[in-house]
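Residue strings, one per chain:
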There are 4 protein chains.
Amino acid sequence: MISFRNDYAQGAHPAVLDALLRTNLESTPGYGEDRYCQQAAQTVRSRFACPQADVHFLVGGTQTNFTAIAAFLRPWEAVIAADTGHIAVHETGAVEARGHKVLTAPHVNGKLTPEAIREVCAAHAAGNPGHMVLPKMVYISDATELGTIYSKIELEALRTVCDQLGLYLYLDGARMGAALTAEGNDLLPKDFPRLCDAFYIGGTKNGLLFGECLVIVNQALRPNFRFALKQGGGMLAKGRLLGLQFQAILENDLWLKLARHANFQAQRLQAGVLQAGYSLYISSPTNQIFPIFSKEKLARLEQSFSFEFTQRIDESHDAIRLVTSWATEPTWVDAFLAAI
Amino acid sequence: MISFRNDYAQGAHPAVLDALLRTNLESTPGYGEDRYCQQAAQTVRSRFACPQADVHFLVGGTQTNFTAIAAFLRPWEAVIAADTGHIAVHETGAVEARGHKVLTAPHVNGKLTPEAIREVCAAHAAGNPGHMVLPKMVYISDATELGTIYSKIELEALRTVCDQLGLYLYLDGARMGAALTAEGNDLLPKDFPRLCDAFYIGGTKNGLLFGECLVIVNQALRPNFRFALKQGGGMLAKGRLLGLQFQAILENDLWLKLARHANFQAQRLQAGVLQAGYSLYISSPTNQIFPIFSKEKLARLEQSFSFEFTQRIDESHDAIRLVTSWATEPTWVDAFLAAI
Amino acid sequence: MISFRNDYAQGAHPAVLDALLRTNLESTPGYGEDRYCQQAAQTVRSRFACPQADVHFLVGGTQTNFTAIAAFLRPWEAVIAADTGHIAVHETGAVEARGHKVLTAPHVNGKLTPEAIREVCAAHAAGNPGHMVLPKMVYISDATELGTIYSKIELEALRTVCDQLGLYLYLDGARMGAALTAEGNDLLPKDFPRLCDAFYIGGTKNGLLFGECLVIVNQALRPNFRFALKQGGGMLAKGRLLGLQFQAILENDLWLKLARHANFQAQRLQAGVLQAGYSLYISSPTNQIFPIFSKEKLARLEQSFSFEFTQRIDESHDAIRLVTSWATEPTWVDAFLAAI
Amino acid sequence: MISFRNDYAQGAHPAVLDALLRTNLESTPGYGEDRYCQQAAQTVRSRFACPQADVHFLVGGTQTNFTAIAAFLRPWEAVIAADTGHIAVHETGAVEARGHKVLTAPHVNGKLTPEAIREVCAAHAAGNPGHMVLPKMVYISDATELGTIYSKIELEALRTVCDQLGLYLYLDGARMGAALTAEGNDLLPKDFPRLCDAFYIGGTKNGLLFGECLVIVNQALRPNFRFALKQGGGMLAKGRLLGLQFQAILENDLWLKLARHANFQAQRLQAGVLQAGYSLYISSPTNQIFPIFSKEKLARLEQSFSFEFTQRIDESHDAIRLVTSWATEPTWVDAFLAAI
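Caption draft 1: Spotlight on the packing of helix H6 (residues 114-125) of chain A against helix H7 (residues 152-165) of chain A. Residue and element names in this part refer to chain A. Their axes nearest at 9 Å, the elements H6 and H7 cross at an angle of 20°. Compared by their axis directions, H6 and H7 come out roughly parallel. Pair H6 / H7 crosses with right-handed handedness. Contact residues: H6 offers Pro-114, Ile-117, Arg-118 and Cys-121, while H7 offers Ala-157, Leu-158, Val-161, Gln-164 and Leu-165. In terms of residue class, the contact of H6 with H7 is built from seven nonpolar, one polar and one charged.

Take a look at the structure:
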């Protein structure tokens, strides 16, 4: 059984494991206050050109999102997300469990638009202040849940609308590596701290055993964040495991190399699917693609490949999601294209 | 610098790392729905003689505590803990952040007593129902924050009072291995599901990279727990890492062997300290000990050893905490005893 | 300035004030444990034919909604509401502040449909359990935010879908009096406990100084509700004020008489507006109506009448909301119709 | 049956009712945006010499406390209260339900001391930042739960310690009238805004049907408070009822006259009890007193008087609480003193 189910089906890249093995018996302080975390934080600040930013390492994406949002917002403030956004749909109400409403706006190719943000804010500015939540943060993902990416001009436009409306811009980079190495991308690492108040660099979906790196740029959002980290369950006892892993993939831009591999295999799949005459639910330049097959075909494919259902298309057709990772073997792609 | 600072200063036991390395490139379903988690859960059910229990794997202790408590209690229900309890002091209000009051009672050697529980409940039963929180759960740790352990008769007495007062009994086993292998312990693994509604088996402090194993015995507390897991940020994407690690230490009772080693080294420290004429803040049979030294002596010791301050004793003396682990070298203990 | 702004612009009906004055110097127990609350609860049980139901009196609608929802749901459970629903839009995220997601579905004339509920539940049943919130409650209002009402067949259909999908049905009756006395209504008070798990009877918008009466029919939702009441700030010290006021309007069905008056005056407005050639944003049989006027006309009307803006229609036209109450003078309606 | 059970057993002072009756049929904007609330807010600012303060009117004390605390604190911040404090004991965990830990310190005559605050803060400053909650607010009541009052020098000392430790000082004035008119009091209304960051003036226990007036002095705590008000269920639809009632008791200092009457009758009770040879649980200068009687005597007293049990003293004696109000008839006191 070949898995295109997700980008966290395997363990870690060998370079990551090496870093853990090499240091296994060293004694270091806990909770991220060790030299490896400090080094990795410094590497992040340097690679992303944000020498003043606060850098925190957490275990998972849902945890990072709810911890950041709960720390940044006041009780009556809400976060705006695309209706396909991860926090809106796939985090079991974790943001609401910490007290905040997620306001959704219709996505365009998985992306949030300045117009949609303006509409949400306008609707909430009507009437007497106090009777509706106060929109205060914009949440986006790059790459998005549909595999699409933001262009520099799009991200700058979001920054502009956030500045105009007094909103924080927070970027979920669970698949930031895939976005940065996608065909058509014109964003650079240094653009994220320039345009966002905070963002996170995904590790789990890009070669780590686990780990997400939260970068807080806006000075107003930094104080006492370690309290939020502990309260949210995100302060790992053996914190150095996070620093070591991130350092391992940031060195020599291994993270981009891994993401490029994943994208390349996914794009081989997407091209092959199109060439074979099938259509797509949406065209994606990253490591998630969304082909449409007949139910009959899917029944046969499921005998050799695992993947997730995305959307019913019509009575006899469904869209599925195929995901590749740093560990995807080219022969797996060959096998899939041969099978369709 | 030799570290007696905590039991999570090093990485993982080689058997644990081997398990991760051996399976690194396998593709498995995410979120704990893989065969390694299933196998480890089965091993837990078997080793703890609770064939019907639900077994969940989480990353850390604070996360496990707040997720379980938030899932088990209704909004107005409270949890009773010793005033030294981890949830009461050292989790940055994580339980309160999910809406529940932690009612504290004075500890006796780090332990909660039936009398203290009865008193809290009696105080909350006075007056009209509804004006005070409703005590509904007892939280204890074995070993405790002070390194002490519960005897079978003590744990049975807590069960009895919980039955009488309609309380759940929840046991934080972050250091369960140390408790079960301590001199004087008469509890067996099978006693925990017999006497507790839920408990967790600590991995982080006993040879894993990370991981806690929550066992839910009480049938009423089981439904939909995976929703709570996800909402609390405790559902690890590469969930198999948890199953693999727990399976590695449960096989051949490696967890008890590791804990026995830690206890043995700590007891060598405690005996040596006493023999050298120093006194103890509290006598502990497990892997945390609490000697008292003069501030002068501590200043000198700090040049070669790292440890935590526990309590001011008088103008010129402090109690400190020395913690050992599976990775503590006997020569470290020798060196400390030579230095005092 | 004549107010059609809302149905809480004036004080209380004289019969309500009389009840308060008559008993002002009596000494009674606090927090709703007095004989007047007991009597009013008994009257409610009798008038609504639910002899076993629990009856609680609260001060306001937002308070009643969030207290009930927080008490009824587990942390990962969500409530489904129309996208126009009061809890979804106009309660400043009070439900989310207590930890629960409000899932919205497109309204049809302000109403939630069985089809919309089925769609929300189907979307949340896809994929692995635990990654999305669990829909567990349906929230509706009768009359709705758009003044429309549910027919008996519609409410029965909602009950059926709730039974099929394991959902609670909760009805916000802030304007229940208006609904029950509207032309076309075929629901009776006894239908609410028959079809709903819980509902509230609005007092604030129907002649009381303040007060909402929550009726909990489903036995599983009743235990310990007074704890929720106190925790939510809804347990009034001089609780008898609530019992006295509700008793005053329930006696001789004064509540229906007051609502009928409000409806009658609103329907005079609606008929007059139509007769004068204006159109409606939506046709409503209750005490809120939604005429469309040109901005010029509105500018002139605002000099003598106060009302709320509802919706921009086009460049030169807006829909407004006119609300009547038990205290609306027929001459106010005459004046408005003369002015248009 | 004569009630000494509490100070909210009766309705409202006639001047309060007159204000409601006189304006009953007027139409005003809702939610506290009417001229009566504006006038009352202005009266408060003037009477308390805080021309810049924000003034909000809420319905009840628990609601006021949790709304203010939730609005003022960040998620990891905690509030320090005496172990007898109302928020610590008698609000069903309402503060925790909004996410905040209440740290308790031993009371001295019902009061919190600078030393106790320093100790709590010192204990929470030990160790690494982030692992314990951050104390950020001091909560006190004047008069306290035991009827005692703070002197000016005591309140100034609390302000000093708050300034030194970076804490907000919040004062629950549910019985502020009783405190200000007690023998031995040297605080003036103008001292509260001078020394507190926020405080509330109690109405429910001093002649209103209901109502508490929150005064926010610290500019940093003011923005967007109306959102918190609505979210907490504290924004009364017919908000003018609150402004009207407060204006009625603030005019000509009626609030102090009513409190003085209550104190006078309670002090007659206390003096009579002492003169008859009974002892007190604590000596109180305000409208709550705490005599000790034999259980036999209490059994007889309960046939004619209602009161609350406070504390078991020994096998045969209990302390009870007797509370007087603006509505307590002198003959009730005569009757009680005759009966003992």
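After that view of the structure, there is still more to cover.
Caption draft 2: Region of interest: the relation of the copies chain C and chain B. Of the two same-sequence chains, chain C is brought onto chain B (RMSD 0.0 Å, axial shift 0.0 Å) by a rotation of 180°. In symmetry terms, the pair is related by a two-fold rotation axis. Closest approach to the rotation axis among the C-alpha atoms of chain C is made by Arg-74 of chain C, whose C-alpha sits 3.7 Å away.

Caption draft 3: Inspection of the relation of the copies chain A and chain B at higher detail. Screw-axis analysis of chain A against chain B gives a translation of 0.0 Å along the axis, an RMSD of 0.0 Å, and a rotation angle of 180°. Interface overlap between copies is the fraction of interface residues in one copy that are interface residues in the other; for chain A against chain B it reaches 100%, indicating a shared surface.

Caption draft 4: Expanded view of the interface of chain A and chain B. Facing 43 residues of chain A, the contacting portion of chain B comprises 43 residues. For the pair chain A and chain B, the summed buried surface comes to about 3700 Å²; carbon and sulfur atoms form 61% of the total. Seen at the junction of chain A and chain B, the total is zero salt bridges. The interface formed by chain A and chain B holds 24 residue pairs in polar contact (both at pLDDT 80 or more) in total. Broken down by secondary-structure element, the contributors of at least two residues to the side of chain A that touches chain B are helix H1 (14-22), helix H3 (61-72), helix H5 (94-97), helix H10 (225-231) and helix H11 (240-250) of chain A. Looking at the side of chain A that touches chain B residue by residue, the classes come out as 20 nonpolar, 17 polar and six charged.

Caption draft 5: How the structure looks around the pairing of strand E3 (residues 77-82) of chain C. Residue and element names in this part refer to chain C. Among the six residues of E3, six are classified as buried, and the element is accordingly described as predominantly covered. Judged by which residues are buried, E3 turns out to be covered on both faces: Glu-77, Val-79 and Ala-81 on one side and Ala-78, Ile-80 and Ala-82 on the other are all buried. Bridge count between E3 and strand E5 (residues 134-141): five bridges; the pairing is parallel. When the sheet's bridge partners are listed, Glu-77 is paired in E5 with Leu-134. Note: E3 against strand E4 (residues 102-105), four bridges, orientation parallel. Paired with Ala-82 across the bridge in E4 is Ala-105.

Caption draft 6: Main features of the sheet that holds strand E13 (residues 317-323) of chain D. All names here are of chain D. Spatial ordering of the open sheet is given by E9-E10-E13-E12, a layout of four strands whose pairing is antiparallel. Looking along the sheet, the strands with just one partner apiece sit at the ends: strand E9 (280-282) and strand E12 (308-314). Across the sheet, the mean angle from the axis of one strand to that of its neighbour is 30°, orientation sign disregarded. Sheet contacts for helix H12 (residues 254-275): E9, strand E10 (288-294) and E13; angle to E10, the most-contacted strand, approximately 30°.

Caption draft 7: Just the packing of aromatic side chains, in detail. All names here are of chain B. Counted according to the given criterion, the structure contains 50 aromatic pairs over all chains. When the centroid spacing of 5.6 Å and the interplanar angle of 35° are considered together, the rings of Phe-48 and Trp-255 count as tilted. In this pair, Phe-48 sits in the loop between helix H2 (35-47) and strand E2 (54-58) while Trp-255 sits in helix H12 (residues 254-275), placing the two residues 207 residues apart along the sequence. According to the relative accessible area criterion, Phe-48 is buried, its value standing at 0%. Geometrically, the ring pair formed by Tyr-278 and Phe-293 is edge-to-face, given 4.7 Å between the ring centres and 65° between the ring planes.

Caption draft 8: Representation of the sheet that holds strand E12 (residues 308-314) of chain C. All names here are of chain C. Pairing in this open sheet of four strands is antiparallel, and the strands run E9-E10-E13-E12 from one edge to the other. Strands with a single pairing partner mark the edges of an open sheet, and in this sheet they are strand E9 (280-282) and E12. Across the sheet, the axes of successive neighbouring strands diverge by a mean angle of 30°, strand direction being ignored. Pairing geometry for E9 and strand E10 (residues 288-294), over two bridges, is antiparallel. Within E10, the position partnered with Leu-280 by the bridge is Pro-291. Against the sheet, helix H12 (residues 254-275) engages E9, E10 and strand E13 (317-323), with an angle of about 30° to E10.

Caption draft 9: View of unusual backbone geometry. Here the bond from Asp-142 of chain C into Ala-143 of chain C is cis, since omega is -5°, no more than 30 degrees from zero. A positive phi angle is found at Tyr-31 of chain A, which is not glycine, with a value near 65°. Secondary-structure assignment places Tyr-31 of chain A in the loop between H1 and helix H2 (35-47). With relative accessibility at 15%, the residue Tyr-31 of chain A sits in the buried group. Its identity is not glycine, yet Asp-253 of chain A carries a phi of approximately 55°, on the positive side.

Caption draft 10: Seen up close, the confidence of the model for chain A. Mean pLDDT for chain A: 97, with 100% of residues reaching 70 or above. This complex was scored by the predictor with a pTM of 0.97 and an ipTM of 0.96.

Caption draft 11: Molecular detail of the environment of Glu-296 of chain C. Assignment of secondary structure puts Glu-296 of chain C in helix H13 (residues 295-301). Spatially, the C-alpha atoms of Glu-296 of chain C and His-317 of chain C are 8.6 Å apart, while their sequence positions differ by 21 residues.

Caption draft 12: Just the interface of chain C and chain B, in detail. Contacts between the two partners involve 24 residues from chain C, matched on the other side by 24 residues from chain B. Interface of chain C and chain B: buried area, both sides summed, is about 2100 Å²; carbon and sulfur atoms make up 56% of it. Summed over the three residues of chain C that lose the most area to chain B, namely Trp-76, His-131 and Phe-227 of chain C, the buried surface amounts to 33% of that side. One can count zero salt bridges joining chain C with chain B. Viewed at the interface, chain B and chain C are joined by four residue pairs in polar contact (both at pLDDT 80 or more). When residues of the side of chain C that touches chain B are traced back to their parent elements, those giving at least two are helix H3 (61-72) and helix H10 (225-231) of chain C. Tallying contributions element by element places H10 of chain C first for the side of chain C that touches chain B, with five residues.

Caption draft 13: Geometry of the pattern of salt bridges. The full count for this structure, using the stated rule, is 48 salt bridges over all chains. A salt bridge links Asp-163 of chain C to Arg-159 of chain C, with the nearest nitrogen and oxygen atoms 3.1 Å apart. Placement of the pair is Asp-163 of chain C and Arg-159 of chain C together in helix H7 (residues 152-165), with a separation of four residues, close to one helical turn. Among the residues examined, Asp-163 of chain C registers a relative accessible area of 54% and is labelled exposed. On the basis of relative accessible area, Arg-159 of chain C is assigned to the buried category, the value being 12%. Each of Glu-156, Asp-191 and Arg-194 of chain A takes part in one network of salt bridges that share partners.

Caption draft 14: Spotlight on the side chain of Thr-204 of chain D. With respect to the helices, strands and loops of the structure, Thr-204 of chain D is situated in the loop between strand E7 (198-202) and strand E8 (212-216). Among the residues examined, Thr-204 of chain D registers a relative accessible area of 7% and is labelled buried. Beyond its immediate stretch of four places on either side in the chain, Thr-204 of chain D contacts Ala-237 and Lys-238 of chain C together with Asp-7, Tyr-8, Val-59, Phe-210, Gly-211 and Glu-212 of chain D.

Caption draft 15: Quick peek at the environment of Leu-103 of chain A. Residue and element names in this part refer to chain A. In this structure, Leu-103 sits in strand E4 (residues 102-105). Under the relative-accessibility criterion, Leu-103 is labelled buried at 8%. Along the primary structure Leu-103 and Ala-82 are separated by 21 residues, whereas in three dimensions their C-alpha atoms are 8.3 Å apart. Among all residues touching Leu-103, those that are not within four sequence positions of it are Ala-78, Val-79, Ile-80, Ala-81, Val-120, His-124, Val-133 and Pro-135.

About the cut-offs
Residues numbered from 1 in each chain as written. Chains lettered and ligands numbered in written order. Predicted model: local features only at pLDDT ≥ 70, side-chain atom pairs only at ≥ 80, totals over all residues. Heavy atoms only, no water. Axes fitted to C-alpha atoms, helices over the stretch in contact; angles between N-to-C directions. Helix = DSSP H or I, 4+ residues; strand = E, 2+ residues; numbered from the N terminus. Parallel < 35°, antiparallel > 145°, perpendicular 65-115°, else oblique. Left-handed = near helix turned anticlockwise from the far one by under 90°. Contact = heavy atoms within 4.5 Å. Nonpolar A, V, L, I, M, F, W, Y, C, P; charged D, E, K, R; others polar. Least-squares fit on C-alpha atoms with pLDDT ≥ 70 in both. Buried area = accessible area lost by both parts, 1.4 Å probe. Salt bridge = Lys/Arg side-chain N within 4 Å of Asp/Glu carboxyl O. Polar contact = N/O pair within 3.5 Å; in protein donor to acceptor, adjacent residues only side chain to side chain. Buried < 20%, exposed > 50% of the residue type's maximum accessible area, 1.4 Å probe, protein only. Pairing = 2+ DSSP bridges. Phe/Tyr/Trp six-rings, centres within 6.5 Å; stacked < 30°, edge-to-face > 60°. pLDDT = per-residue confidence, 0-100.

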